[in-house]
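# Close look at the chain arrangement
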Amino acid sequence: FAVEDFVELLFGGRRHWSWHPALSASSVGLGLYLRGTLHLVTVAPEHLVGAGLITLGALFVVHCMDKSIDRNLLVNMVFSGIRLTYFFNAIAVYLLSTRDPAVWRVVWSFWTSSWWSLLKTFPVVVSAAWVLSRIFDYSWSTSPSWVVRLLANCLGAGAGLMGGMSHYCWLSWIAWLAQNSSTAIRYRKRDDEVTADGMYINREHHLVGTRCVWDTFRSAFLALAWAIIHKPCLILVNFVLPQELCVVSKTLPIFDLGDT
C-alpha cells in the first residue's frame, strides 16, 4: 500500500499528499520489529523474499496492463509469460536437486503424496487463478493504482483478522486505517475539484464507489463506537445525578450540519 503511494507520488503526477503513508509504513515497520521479524533474515529468509516478490510483482504486473492493447490479447500474453515460468522453475528445481539431495526428497514426497491431499489443494489453485484473472481484468478496466490498493486491502485485512490485536498486530490495523484515510482524503479533494469544474458526471464509477464504501464503513464504525461509549456514560450519569436531573442520549451522534 505504502509502496504504491510513493511510486504514484514520484511517477504518477499526484496532486495531493498527506502524512498517512509515512505513518502506515512506520507502524508496519515498528510492528514487524517488535515481533522479531528481523530474525527471519537468518531463520527463514524465503519469507522476506516472498514478501518482496509479491509487492514488486503486483506493482509491475498491474502497471503493464496497457489499455491501448486488446484485453483478451493482453491476458493471453500474461498467461503465456506465466506458462514460461514453469520451464524456468523446472530448470531451477533440477539444478538445486543436483547440488542438494534434500531438494529431491521434497520433490519426491510431493509426487508420492496421496490423491486426496492433492484434491484438497485444487480449490486453492482455482481460487488463486480466479483472483489473478480478476486482477488483470480490473487493471485494464479501472486503473493499476486502484487494483494495487484493492489487493493491499485484501491482504492487509486477511493478515489482520488472522493476527487479531496480539503481538503488536494492532500497529498494522493503524497502518491499514491510515492508508485508507489517505486515499479517502485524496478522493474527496479530487471530487471537490471536478465538482467545481462541473465535470463530476465524468468521474470514474469505481472511484465514486470506492469512496462510498469507505464513507459507509467510516459511518458504521463511528456509530458503533458511539453506541459503545454513550450507553455506559448515560447509565453512569443518571446513577450519579438525582432523578429530577436525568439526561437522555441519542442513539446516533448528531453534529452541526451548518446553515443548510
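Let us look at the structure shown here. (Residues numbered from 1 in each chain as written. Predicted model: local features only at pLDDT ≥ 70, side-chain atom pairs only at ≥ 80, totals over all residues. Heavy atoms only, no water.)

### Regarding the overall build of the chain
- When its secondary structure is counted, the chain shows ten helices and zero strands.
- Beginning at the N terminus, the succession of helices and strands in the chain can be written as α-α-α-α-α-α-α-α-α-α.
- Here the C-alpha atoms of the chain give a radius of gyration of 25 Å, more than 25% beyond the 18 Å that 2.2 N^0.38 yields for 260 residues.
- In the chain, which comprises 260 residues, the share counted as buried stands at 22%.
- Intrachain contacts of the chain at a sequence separation of at least 6 include 64% that bridge at least 24 residues.
- If you sum the accessible surface of the chain, you get close to 18800 Å²; carbon and sulfur atoms cover 72% of it.
- Computed over 20 positive and 17 negative side-chain charges, the separation of the two mean positions in the chain equals 7 Å. (Helix = DSSP H or I, 4+ residues; strand = E, 2+ residues; numbered from the N terminus. Rg over C-alpha atoms; globule rule 2.2 N^0.38 Å. Buried < 20%, exposed > 50% of the residue type's maximum accessible area, 1.4 Å probe, protein only. Contact = heavy atoms within 4.5 Å. Areas by Shrake-Rupley, 256 points an atom, 1.4 Å probe, with all protein chains shown as cover. Lys, Arg positive; Asp, Glu negative; His and termini not counted. Charge placed at Lys NZ, Arg CZ, Asp CG, Glu CD.)

### Some remarks on the pattern of salt bridges
- Evaluated as defined, the whole model comprises six salt bridges.
- A salt bridge links Glu204 to Arg203, with the nearest nitrogen and oxygen atoms 3.8 Å apart.
- In this structure Glu204 comes out as partly exposed when scored by relative accessible area, which is 39%.
- Asp215 is the salt-bridge partner of Arg218, the closest N and O atoms lying 3.3 Å from each other. Separated by three residues within a single helix, Arg218 and Asp215 lie in helix H10 (residues 205–240), roughly one turn from each other.
- Looking at Arg218, the relative accessible area reads 36%, which means it is partly exposed.
- Through salt bridges with shared partners, a single ionic network connects Asp191, Arg203, Glu204, Arg211, Asp215 and Arg218. (Salt bridge = Lys/Arg side-chain N within 4 Å of Asp/Glu carboxyl O.)

Function-wise, these values are silent; they only describe arrangement.
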